[in-house]
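Commentary on secondary and tertiary structure
In case you want the letters, here they are:
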There are 2 protein chains.
Amino acid sequence: MGIVLLGSTGSIGTNTLELCERHGIEVEALVAGRNVALLNEQIARFHPRYVAVAEGTDPRSVNHPDVRVGQAGIKEILEACDAQLVVNALVGYAGLHPTLKALELGKRVALANKESLVIAGSLIDTSRIFAIDSEHFGLWFLQNATPFRKLFITASGGALRDWKIEAMRTATFEEALKHPNWSMGAKITIDSATMTNKLFELLEARWLFGTTDIDAVIERTSQIHALIEFVDGSTTAHIAGVDMKLPIAYALGIDITRPVLPPIDPLEMGAIRFEAIEEARYPIWQIRRHLLEHPHLGVVVNAANEVAIEAFKEGKCGFFEMSDAVLDAYRRFDNVHPETIDEIVKIDEEVRRYVKLKMKK
Amino acid sequence: MGIVLLGSTGSIGTNTLELCERHGIEVEALVAGRNVALLNEQIARFHPRYVAVAEGTDPRSVNHPDVRVGQAGIKEILEACDAQLVVNALVGYAGLHPTLKALELGKRVALANKESLVIAGSLIDTSRIFAIDSEHFGLWFLQNATPFRKLFITASGGALRDWKIEAMRTATFEEALKHPNWSMGAKITIDSATMTNKLFELLEARWLFGTTDIDAVIERTSQIHALIEFVDGSTTAHIAGVDMKLPIAYALGIDITRPVLPPIDPLEMGAIRFEAIEEARYPIWQIRRHLLEHPHLGVVVNAANEVAIEAFKEGKCGFFEMSDAVLDAYRRFDNVHPETIDEIVKIDEEVRRYVKLKMKK
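Residues numbered from 1 in each chain as written. Chains lettered and ligands numbered in written order. Predicted model: local features only at pLDDT ≥ 70, side-chain atom pairs only at ≥ 80, totals over all residues. Heavy atoms only, no water.

1. Observations regarding the pattern of salt bridges
Residue and element names in this part refer to chain B. Under the counting rule described, the total for this entry stands at 58 salt bridges over all chains. Lys198 is the salt-bridge partner of Glu201, the closest N and O atoms lying 2.7 Å from each other. Of this pair, Glu201 and Lys198 both sit in helix 10 (residues 196-209), 3 residues apart, roughly one helical turn. Neither Glu201 nor Lys198 differs from the other in exposure class; each is buried. (Salt bridge = Lys/Arg side-chain N within 4 Å of Asp/Glu carboxyl O. Helix = DSSP H or I, 4+ residues; strand = E, 2+ residues; numbered from the N terminus. Buried < 20%, exposed > 50% of the residue type's maximum accessible area, 1.4 Å probe, protein only.)

2. Some points on the sheet that holds strand 7 (residues 129-131) of chain B
Sheet strands pair by backbone hydrogen bonding; their relative direction is either parallel or antiparallel. Residues and elements named next belong to chain B. Read across the sheet, 7 strands follow the order 4-3-2-1-5-6-7 without closing on themselves; strand pairing throughout is parallel. Single-partner strands in this sheet number two, and they are strand 4 (67-69) and strand 7. Direction aside, neighbouring strands of the sheet carry axes that sit 20° apart on average. Bridge count for strand 1 (residues 3-6) against strand 5 (residues 85-88) is 4 bridges, and the pairing is parallel. Note on strand 5: the bridge partner recorded for Val4 is Val86. Relative to strand 1, helix 1 (residues 11-23) is tilted by about 155°, and along the sheet it contacts strand 1, strand 2 (27-31) and strand 5. (Pairing = 2+ DSSP bridges. Axes fitted to C-alpha atoms, helices over the stretch in contact; angles between N-to-C directions. Contact = heavy atoms within 4.5 Å.)

3. A few points about the environment of Phe274 of chain A
Along the polypeptide, Phe274 of chain A turns up in strand 12 (residues 274-275). Given the relative accessible area of 5%, Phe274 of chain A is considered buried. If we skip the residues at most four places from it in the chain, Phe274 of chain A touches Thr154, Val217, Ile218, Glu219, Ile224 and Leu227 of chain A together with Pro266, Leu267 and Met269 of chain B.

4. So, helix 15 (residues 341-360) of chain A
If you check helix 15 of chain A, its first and last C-alpha atoms are 29 Å apart, about what 20 residues at 1.5 Å a residue would give, namely 28 Å. Buried within helix 15 of chain A are the following residues: Ile341, Ile344, Ile347, Asp348, Val351, Arg352, Tyr354 and Val355 of chain A. Residues of helix 15 of chain A that are buried make contact with helix 13 (298-313) and helix 14 (319-332) of chain A together with helix 4 (96-104) and helix 5 (115-120) of chain B. (Expected span 1.5 Å × (residues − 1).)

5. Structural notes on the interface of chain B and chain A
Taken together, the contact pairs 127 residues of chain B with 127 residues of chain A. Roughly 11,400 Å² of surface becomes buried between chain B and chain A when both sides are summed, with 70% attributable to carbon and sulfur atoms. Here Lys198 of chain B ties to Glu135 of chain A by a salt bridge, and the two come within 2.9 Å at their closest N and O atoms. At the boundary of chain B with chain A, the tally comes to 34 residue pairs in polar contact (both at pLDDT 80 or more). (Buried area = accessible area lost by both parts, 1.4 Å probe. Polar contact = N/O pair within 3.5 Å; in protein donor to acceptor, adjacent residues only side chain to side chain.)

6. Some words on the nonpolar core
Of all hydrophobic cores here, the largest spans 130 residues; its most connected members are Ile3, Ile132, Val300, Phe319 and Val351 of chain A together with Val4 and Leu252 of chain B. Here Leu252 of chain B is in contact with Ile3, Thr16, Leu19, Cys20, Ile25, Leu85 and Val87 of chain A, once residues within four sequence places are set aside. Of all hydrophobic cores here, the second largest spans 127 residues; its members include Leu39, Ala193, Val301 and Ile344 of chain B. (Core = buried A, V, L, I, M, F, W, Y, C linked by side-chain atoms within 4.5 Å.)

7. A look at the relation of the copies chain B and chain A
Each copy superposes on the other: chain B lies on chain A with an RMSD of 0.0 Å after a rotation of 180° and an axial shift of 0.0 Å. Accordingly, the operation relating the two chain copies is best matched by a two-fold axis. Looking at chain B, 100% of its interface residues are interface residues in chain A too, so the copies touch through the same face. (Least-squares fit on C-alpha atoms with pLDDT ≥ 70 in both.)

8. Concerning the sheet that holds strand 10 (residues 224-230) of chain A
Spatially, 10 strands are ordered 12(A)-9(A)-8(A)-10(A)-11(A)-11(B)-10(B)-8(B)-9(B)-12(B) in an open sheet, and the strand pairing comes out mixed. Edge positions in the sheet fall to strand 12 of chain A together with strand 12 (274-275) of chain B, since each of these pairs with one other strand and no more. In terms of strand pairing, strand 10 of chain A meets strand 11 (residues 235-239) of chain A through 5 bridges, oriented antiparallel. Residue pairing for strand 11 of chain A: Ile224 of chain A is matched across the bridge by Ile239 of chain A. Running over the sheet, helix 6 (residues 134-142) of chain A touches strand 10 and strand 11 of chain A together with strand 8 (148-155), strand 10 (224-230) and strand 11 (235-239) of chain B and is turned about 40° from strand 10 of chain B. This element, helix 6 (residues 134-142) of chain B, spans strand 8 (148-155), strand 10 and strand 11 of chain A together with strand 10 and strand 11 of chain B of the sheet and lies at about 40° to strand 10 of chain A.

9. Regarding the domain arrangement of chain A
A common way to express how large an interface is: the accessible area buried when the components associate. By domain assignment, chain A separates into domain 1 (2-113) and domain 2 (135-241 + 265-360). Once you take the C-alpha centre of each, domain 1 of chain A and domain 2 of chain A turn out to be 53 Å apart. (Domains from an automatic or database assignment.)

10. Remarks on the packing of helix 10 (residues 196-209) of chain A against helix 13 of chain A
All names here are of chain A. Remark: helix 10 packs on helix 13, axes separated minimally by 12 Å, with the N-to-C direction vectors making an angle of 155°. Considering their axes alone, helix 10 and helix 13 lie roughly antiparallel with respect to each other. In terms of crossing hand, the pair formed by helix 10 and helix 13 is left-handed. Of the residues in helix 13, those in contact with Thr196, Leu199, Phe200 and Leu203 of helix 10 are Gly298, Val301, Asn302 and Asn305. In terms of residue class, the contact of helix 10 with helix 13 is made up of 4 nonpolar, 4 polar and no charged. (Parallel < 35°, antiparallel > 145°, perpendicular 65-115°, else oblique. Left-handed = near helix turned anticlockwise from the far one by under 90°. Nonpolar A, V, L, I, M, F, W, Y, C, P; charged D, E, K, R; others polar.)

11. A look at unusual backbone geometry
Of all residues except glycine, most have a negative phi; of all peptide bonds, most are trans. Residue and element names in this part refer to chain B. Even without a glycine there, the phi angle at His47 is positive, about 45°. On the secondary structure map, His47 appears in the loop between helix 2 (36-46) and strand 3 (50-53). Overall, His47 belongs to the exposed group, its relative accessible area being 61%. Phi is positive for Ser222, close to 55°, though the residue is something other than glycine. Within the secondary structure, Ser222 sits in the loop between strand 9 (214-219) and strand 10.

12. A short note on the packing of aromatic side chains
With the rule as written, the count across this model stands at 18 aromatic pairs over all chains. Arranged with centres 6.0 Å apart and planes meeting at 70°, the rings of Phe312 of chain A and Phe319 of chain A form a pair that is edge-to-face. Residues Phe312 of chain A and Phe319 of chain A agree in their burial class; the two are buried. Pairwise contacts between aromatic rings join Phe130, Phe137 and Trp140 of chain A together with Tyr250 of chain B into one cluster. (Phe/Tyr/Trp six-rings, centres within 6.5 Å; stacked < 30°, edge-to-face > 60°.)

13. A look at the pairing of strand 6 (residues 108-111) of chain A
All names here are of chain A. Note that strand 5 (residues 85-88) and strand 6 share 4 bridges and pair parallel. When the sheet's bridge partners are listed, Leu85 is paired in strand 6 with Arg108. Pairing between strand 6 and strand 7 (residues 129-131): 3 bridges, direction parallel. Across the sheet, the residue bridging to Leu111 is Ala131, located in strand 7. Handedness of the crossover joining strand 6 and strand 7 through helix 5 (residues 115-120) is recorded here as right-handed. (Right-handed = clockwise from strand over helix to strand, strands pointing away.)

Written as structure tokens, this is what we have:
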């Protein structure tokens, strides 16, 4: 199935032709304005059955045996063409009648001529319109699903994100508890400061979504929680207030056609920036790729981390010594591969015993 | 259907109970650690059939006739309860066995205890898990659809967005053509500088998505194209490179399981900020609400705008005089209500005649 392209020499037109070439889509008709030089090139490349130019352009300057002119010419072409899709990239009011004619003929319209809707929206059947406008495409895309390629979750950076690395060495349990955004229990707040919480979330996502193409980035305001990168080149983001009631409401199966949280006002979001998670500040981060590929080692990381947090809480070790203890245990037990819960329970005990002994020294 | 709540006195637990109260969800069992004072309050409010506390907490301090203790107590409660949903907000390794037990009993698990998956993900049936983690909720949400409440599209701000307003008065056609992000035709680029393009897009969205709850905000990098605010309090955003091939590919029905554009790297996006569209800088913006409520006036705005752009191009009027002319015509013709294409064509001609005459003076 070919297309009729109205406005072939503009930016939408040339992009459309690039895609037609890449995907072998036939171009049954080309309609241009005054850029005859480019139109002639396009005719040589796409061999359309019909061509039209704007009123005032000399049809004899066009290298084609059948050149129509102006609005009347476009109408004739639409009637003559078999193509069921019309890409309307004409500018302004001139695009209105071709849109109406195409719909009248039962064709679908890929509409870059937004003026058609601006001028006569009430008379246009939008069910056969697909808008070529990045914003409306965005709105439409957000309500649709395509295969994803990569997942991103965000991290706040935790309580010590703005500390000098040298100062972090002597940070206390109480200092590491001062989370910038979320009010949470002590254990998860310490895990945020060390980035262990985000490491756990990568692993959680690996099990929930069945992929290892997961990464995390810092977003300091915790207003953007996750992003999905799709195969086509689109990325979408989930934005919501810093309040756990939203995921809980879904988990409880509560009617979410009523408000759970107040919405986010984009104008109140402030500056949003995605930043890399530095391994110098968050040493645990160096094992993320290996752990995603060896997810059965999660039990080791968890056991070592729980013992280390307890030692840090009791003032028996420094902030970075928690990560040191986890990384040491991770290397020590990297050959384990539990396949039953009993094996997991045994490894958990063994790792705890090992880390406790190590940390006493 | 009630729930079993493991970890009722923590931040997830208290949020869960707030939702249970709000939505009349029965709480069949409460499991807490050491915060007996809060647990007793919760017992008085929710009247659970079963209660358990952590090992080491005196069950006699709990105001309930049937108090179980520790992991064994949780196991007994899970077996005794009818509730098919277990909210597991226990901390660390202690959450693993309750997750396994609940799944074994055929229940679903709302899982805030991410350690269950970290430790034993390979042994857990995630099809009966709903993650209570804002990031994983975000990932899940992005792949689902709920009713929307409001749509947002973004604007770059156009060629003169950083000019002093006084200087804009004498801006030339060539200066207004220097769009910061998009390479587009002359007409739409001038429409971007005046914000008329965004006004048109609001109207376009009104016809395409059947709502007048649409607004626009400035996003200077043009990487975020649209946002949707959902009824529940979630907002999602569509992010993609500044390249029209993506909407065109969808419009052409091209196989989008292959890449169309390179993906956006969040780390390369720079600072993103949503800013208000000021009416002082973009006078046309003052009619946006009225126009959305009276969308048949689109033909008036379009006709006046096309005449005004032509005059600006020919140096016959200044930058702001374009908006002046459109606003004047909008007020002059605010009583028209075309219902057929013939009436639209007639009004278009009339408005053009009026604006041409006015601008000559």
